[in-house]
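# Chain and residue survey
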Amino acid sequence: MNINFNHCLCIPVRILTGLSALLYAVLLSGCARTVEPVSRTGFYLDTVVTITLYDTGIRSSDESCEQTIDACFSLIDDYEHLFSATLEDSDIWKINHSGGRPVTVSDDTVSLLQAALYYAELTDGSVDPTVRPLSELWNFGSEDGARIPDESAITEALSHIDYHTVGLEGNTVSLQDPQAAIDLGFIAKGYIADRLEEYLLSQGVESACISLGGNVIAIGSKPGGQAYRIGIQKPFAAGGETVTAISVSDASVVSSGIYERYFYEDNVLYHHLLDTQTGYPADNNIAGVTILAPTSIEADALSTTCYFLGIDEGMQFIESLNGVEALFILTDGTLHRSSGFPTR
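Remember, it's a predicted structure, so these values are computed and weren't measured experimentally. (Residues numbered from 1 in each chain as written. Predicted model: local features only at pLDDT ≥ 70, side-chain atom pairs only at ≥ 80, totals over all residues. Heavy atoms only, no water.)

## Describing the overall build of the protein chain
Note the threshold: Each helix is a run of H or I in the DSSP string that is no shorter than four residues. Each strand is a run of E no shorter than two, and both are numbered from the N terminus. Only protein chains enter the area calculation, which uses a 1.4 Å probe; residues under 20% of their type maximum are buried, those over 50% are exposed, and those in between are partly exposed. Only the protein chains shown count as cover for residues, and all accessible areas are computed by the Shrake-Rupley method using a 1.4 Å probe.
The number of helices and strands found in the protein chain is 9 helices and 15 strands. Across the 344 residues in the protein chain, those meeting the buried criterion constitute 55%. Carbon together with sulfur atoms contributes 46% to the accessible area of the protein chain, which is approximately 14,700 Å² in total.

Given below as structure tokens:
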């Protein structure tokens, strides 16, 4: 794969202003607060979601904070019903079941698709929003359980994976290949997390933590000026064991890894990060990648991108970007940090 490392990593303004591994976020140290935190946990986007408000500039009561959190979970539900490939009548479901006919979608869906296509182009298709014909075959995350598909089915699915077949014109989306299908799992949570942060800031929130499974956003610092402590899960470890923890403020931390969804067959590990060239799980001796970046959409896309690039090319790519750092965890347990990734 050829990557232009001098390419400026900039996403269209519309993406930033419009509406994949478990990262274990823990607050490893306490601090004095002006008020008690208000927190809620729910299950959305096929993961555990937790939103915690520590302090706000306009906070008048716990009731007002509960209402703010209510609004956050309502937003998550709205976005899930736009971006899900499995929920009937979502924008993505309509595109995938249109038989190639044009479909009118929301501004947010357009913005997310633009971002997905941007990273597909940047990586020569290593991350590709039209991967669904393949991911659907492997069945990761479904109630029926994952499975190894027939070779002929994999070959057929691969013939329909090509992000160039996605047509965007205004709010109209069409698939030039009627048998193609879109899955935005590699980037959707990042987009949603950024929109939640945007909403909380608009409500005067000055200190909060958003956790969408492996996507964590630290808004400001904790009351008293302390940074948030974010623990990064040890791959395949039980009970939330971490390999390291980092202190962050006003930043996004996202992890992707082969330990999120996987199964064994004949003592061989099969995971959900599928190579769009072979149709099988990628094999590059990486167990997980954690990205530290200003926005969650960037961190989300880059965590998957760097996994597919591999340790050497992925690290070179990260070092070419401003304000972005990475931690690679290899399958033998060794850690490789980019030059600016926190050591503690």
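## Focus on the pairing of strand β7 (residues 215-219)
Two faces belong to every sheet, and in a regular strand the side chains alternate between them. As a reminder of what qualifies: Two strands qualify as a pair provided that DSSP identifies no fewer than 2 bridges between them.
Of all the 5 residues making up β7, 5 are buried; the element is thus mostly covered by neighbouring parts of the structure. The side-chain alternation of β7 yields two buried faces, one formed by N215, I217 and I219 and the other by V216 and A218. Counting the residues that bridge the hairpin from strand β6 (residues 205-212) to β7 gives 2 residues, and of these G213 lies at a positive phi of roughly 65°. Two elements, β7 and strand β10 (residues 251-257), share 4 bridges in a ladder whose sense is antiparallel. Bridge pairing in β10 places I217 opposite S252.

## Let's talk about the nonpolar core
Threshold: Here the nonpolar core consists of buried residues drawn from Ala, Val, Leu, Ile, Met, Phe, Trp, Tyr and Cys, with membership extended through side-chain atoms lying within 4.5 Å. Between two residues, a contact is recorded if the distance between any of their heavy atoms is within 4.5 Å.
If you look at the biggest cluster of nonpolar residues, it comprises 75 residues, and the most contacted ones within it are I187 and I291. The element that contributes the greatest number of residues to this core is helix α4 (residues 107-122), accounting for 10 residues. Discounting residues that sit within four places of it in the chain, I187 has contacts with L112, A115, A116, Y119, I297, D300 and A301.

## Quick look at the side chain of D183
Inclusion rule: Polar contacts, as counted here, are pairs of nitrogen or oxygen atoms within 3.5 Å of one another; within protein the pair requires one atom able to donate a hydrogen and one able to accept it, and residues that are adjacent in sequence qualify only if both atoms are side-chain atoms.
Position of D183 among the secondary structure elements: in the loop between β5 (172-175) and α7 (188-202). A polar contact is formed between the side chain of D183 and the backbone nitrogen of G185, at a distance of 2.9 Å. Ignoring sequence-local partners within four residues, the contact set of D183 consists of P129, V131, R132 and S135.

## Quick notes on the pattern of salt bridges
The cut-off we apply is this: The rule for a salt bridge is simple: a side-chain nitrogen of Lys or Arg has to be within 4 Å of a carboxyl oxygen of Asp or Glu.
Under the criterion given, the structure shown has 6 salt bridges. Between R132 and D183 there is a salt bridge, and its shortest N-O distance comes to 3.6 Å. Of the two residues, R132 sits in helix α5 (residues 132-138) while D183 sits in the loop between β5 and α7, which places them 51 residues apart along the sequence. The two residues R132 and D183 agree in class, both being buried. A salt bridge links R195 to E198, with the shortest nitrogen-to-oxygen separation between them at 3.4 Å. With R195 and E198 both in helix α7, this residue pair falls 3 residues apart, about one helical turn. Here E198 falls in the partly exposed class, since its relative accessible area comes to 36%. Counted as one network, the salt bridges with shared partners bring together R40, E66 and D70.

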